[in-house]
Amino acid sequence: MGNSASLKLNDKRKWQSETAMTAAPPAPRDKSGATLASVKQSLAAFGRQSTDMDRDRIGVWGSGDGQANSRLSGLDRLKHPGLNKGMAFTIEERQVMGIHGLLPPRVKSQEEQVQLCKLSIERYEDPLNKYIYLMGLLDRNEHLFYRFIGENVADLMPVVYTPTVGLACQKYGLVYRRPRGLFITINDKGHVYDILKNWPETDVRAIVVTDGERILGLGDLGACGMGIPVGKLALYTALAGIKPHQCLPITLDVGTNSQTMLDDPLYIGLRQRRVRGAQYDEFIDEFMKAVVRRFGQNCLIQFEDFGNANAFRLLEKYRGKYCTFNDDIQGTAAVAVAGLLASLRITKKRLSDNVIVFQGAGEASLGIAELCVMAMKAEGTSDAEARDKIWMVDSKGLIVKDRPEGGLNEHKLKLAKDRAPISTLAEVVDVAKPSVLIGAAAVAGAFTPAILQSVAAAHERPVVFALSNPTSKAECTAEDAYSNTEERAIFASGSPFPEYRTKDGRVLRPGQGNNSYIFPGLALGIICAGIVDITEDFMLLAAEALAEIVCQKDLDQGSMYPPLEDIQNCSVKIAKKIVEHAYKTGKASVQPQPLDAEAFIRAQMYDVHYGSAVPPVYSWPEDGPHVQQM
């Protein structure tokens, strides 16, 4: 082999082994060395222009692992988190792949590695250090990470997601280690598609995107909000088996209005105030079109933690045209309504028989309220009667028509009362006498002892949902809810709370109304059926499916949700309902319809166990091609 050829081969191997993410081939070149991108530009002279109709993929592709053995070296398998098995590589695999000696001689099973992970994370007391450890594990060994999370959901969910992910976002400049997604800035406007092409995976089925303006209850964190898309998509895989290489976290950095972030020397984003108006809208439009062009019309785009002013209008603008939903509005609504539907088995009421007061009128509260209206209408209640059951309280008081203080928008007006204004939540509770109290405004302690005692005085089994995240923003604690209602409250929260022991010795385990019960299974069903138009009936269906899973034992323990340990099975059951409904309503694009929906769904899911690193070897017939011995 000539020196030139040897150098080219070495360059190729170096490129393959150094890549931190899934390997993708360099841009194809013609004989002159020009990239195909420049060749495409030259086609303009022949009337070939890039248009909105350009697609890098058409139709629905199969669900493979995206790897070709012919492109992988042994060193690639050690460095690539999706291929690395650590000390679980067998001696034969090490020898065949040329990595024998690069690992200690001991061969470990994956079970032994999981036990080592448990010992390692137990060494850390600080939740942020536990988060950093888990992200490091994800960077080294994806199969081990997802198996570890999947087998310890209840213990590790608070670390991977809320409440610890909120702290991780606040300190993202400190904990950031390596690329786990794409940062697309307003300065890249006009070149968003080019940025998407830099992601080394082409088989992307699910994107979680944020602009960082409203991260949990923490406010505008700008580019540091990337921890949310990363955490959400980790749960896509851990809880619903969506393959990690098919997931892409994205942060759209248009600046931040948080002076704390702008003054932080560790801040990783653009140091400028947020861009708004037409320039912002054009940027989002370009992003949506670029996603479809690069990854196809069936690529799911989940909007996450956008500010109230943008969240609703972007959802209205893009739903029905793109495969998209907003988890803060629709996912939160589905999980909250699921809890309410489960509570009806205790209160022996219809949902329509309840009066519901909301503390907050932002994305989450309005989303829950609208889905409650839809659920009540499914019971036979009229739209007007359903809306009459709902009272919304924001920072300016009860939402009423022609409110002197203002602060109304079209979404709030749909639920506005035709009555005199009321200034405080406590006064609203006294007037409305709600049987259900829901908080989703991140106002810590909003459900005061007096308010809790008031709802308990009016109802035998009051429902209290303190859904704000993180824990420090909760409207009340589980102990507050139980102790101020003579232990009669039906309680759920957005973040986890410890068990509560009643005066008669019973142990209540407050359920966590976490969106993770909904969005992984919802996304799995959407992907498996190839749904593009995600309508509200899918959200209500997911809520009903989750409520059906809650058993009598859960209710007896005070939980309106299944144990977190069962969340993976919940995801499959929700996905099954979604897939079946998609085919029933003609919204599925994957054909033909599978005879067994659940078996089909499970066949598409990620396997956390290691596969063989060596391609299969098999014999050929004796009369087949053979080499003549000299």
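Higher on the page you've got the structure.
The present account deals with the structure reproduced in this document. Only a predicted model underlies this, so the values are computations on that prediction, with no experimental measurement involved.

As for the sheet that holds strand 4 (residues 300-303)
Point 1. Pairing is parallel in the open sheet, where five strands are placed in the order 1-3-2-4-5. A strand with exactly one partner marks an edge of an open sheet, and here the two such strands are strand 1 (182-185) and strand 5 (324-326). The mean angle between the axes of side-by-side strands here comes to 25°, regardless of whether they run parallel or antiparallel.
Point 2. By the bridge criterion, five bridges tie strand 2 (residues 206-210) to strand 3 (residues 247-253) in an arrangement that is parallel. The residue of strand 3 that forms the bridge with Val208 is Pro249.
Point 3. Its contacts with the sheet place helix 16 (residues 327-347) against strand 4 and strand 5, and it is angled at close to 75° to strand 5.

Comments concerning the environment of Arg293
Point 1. For Arg293, the position within the fold is in helix 14 (residues 278-295).
Point 2. Residue classification places Arg293 among the buried positions, given a relative accessible area of 18%.
Point 3. Once the C-alpha coordinates of Arg293 and Met53 are considered, the two residues, 240 residues apart in sequence, prove to be 7.6 Å apart.

Remarks on a negative patch on the surface
Point 1. A cluster of acidic side chains, namely Glu122, Asp155, Glu565 and Asp566, defines a negative patch on the protein surface.
Point 2. Relative to the assigned elements, Glu565 resides in the loop between helix 25 (552-556) and helix 26 (567-584).

Here we look at the side chain of Lys417
Point 1. Tracing the chain through its elements places Lys417 in the loop between helix 19 (410-413) and helix 20 (425-432).
Point 2. A distance of 2.6 Å separates a polar atom in the side chain of Lys417 from the backbone oxygen of Asp388.

Let's talk about helix 15 (residues 308-318)
Point 1. Where helix 15 is concerned, the buried positions are Asn310, Ala311, Phe312, Leu314, Leu315 and Tyr318.
Point 2. Positioned one or two residues after helix 15, Gly320 has a phi angle of 85°, which is positive.

Some points on the packing of aromatic side chains
Point 1. Under the defined criterion, the tally for this structure stands at 13 aromatic pairs.
Point 2. With a centroid separation of 6.2 Å and 50° between ring planes, the pair formed by Tyr172 and Tyr176 is classed as tilted.
Point 3. Using a relative accessible area of 6% as the deciding quantity, one classes Tyr172 as buried.
Point 4. Relative accessible area serves as the criterion here: at 33%, Tyr176 is assigned to the partly exposed category.
Point 5. Each member of the aromatic cluster is reached from another via a ring pair, and the members are Phe303, Phe306, Tyr318 and Tyr322.
Point 6. Seen from the ring of Tyr124, Arg123 lies directly overhead, with NZ or CZ sitting 5.6 Å from the centre.
Point 7. The cationic tip of Arg293 hangs over the ring face of Tyr193; the distance from NZ or CZ to the ring centre is 3.8 Å.

A closer look at the packing of helix 7 (residues 142-151) against helix 8 (residues 153-160)
Point 1. Helix 8 packs onto helix 7 with a crossing angle of 115° between their chain directions and a minimal axis gap of 6 Å. The residues of helix 8 that touch helix 7, namely those facing Phe148, Ile149, Gly150 and Glu151, are Val153, Leu156 and Val160.

Regarding unusual backbone geometry
Trans peptide bonds make up the majority, and among non-glycine residues the majority have a negative phi.
Point 1. For the bond running from Thr162 to Pro163, omega is 10°, close enough to zero to count as cis.
Point 2. With respect to the helices and strands, Pro163 occurs in the loop between helix 8 and helix 9 (164-170).
Point 3. Backbone geometry at Leu216 places phi at a positive 50°, although glycine is not the residue there.
Point 4. Assignment of secondary structure puts Leu216 in the loop between strand 2 and helix 12 (227-240).
Point 5. Classification of Leu216 as buried rests on a relative accessible area of 11%.
Point 6. In the Ramachandran plot, Lys348 falls in the positive-phi region, its phi being about 60° despite a non-glycine side chain.

Conventions and cut-offs
- Residues numbered from 1 in each chain as written.
- Predicted model: local features only at pLDDT ≥ 70, side-chain atom pairs only at ≥ 80, totals over all residues.
- Heavy atoms only, no water.
- Pairing = 2+ DSSP bridges.
- Helix = DSSP H or I, 4+ residues; strand = E, 2+ residues; numbered from the N terminus.
- Axes fitted to C-alpha atoms, helices over the stretch in contact; angles between N-to-C directions.
- Contact = heavy atoms within 4.5 Å.
- Buried < 20%, exposed > 50% of the residue type's maximum accessible area, 1.4 Å probe, protein only.
- Patch = residues over 30% accessible without salt bridge, like charges linked within 9 Å, V, L, I, M, F, W, Y side chains within 5 Å.
- Areas by Shrake-Rupley, 256 points an atom, 1.4 Å probe, with all protein chains shown as cover.
- Salt bridge = Lys/Arg side-chain N within 4 Å of Asp/Glu carboxyl O.
- Lys, Arg positive; Asp, Glu negative; His and termini not counted.
- Charge placed at Lys NZ, Arg CZ, Asp CG, Glu CD.
- Polar contact = N/O pair within 3.5 Å; in protein donor to acceptor, adjacent residues only side chain to side chain.
- Phe/Tyr/Trp six-rings, centres within 6.5 Å; stacked < 30°, edge-to-face > 60°.
- Lys NZ or Arg CZ within 6 Å of the ring centre and 35° of its normal.

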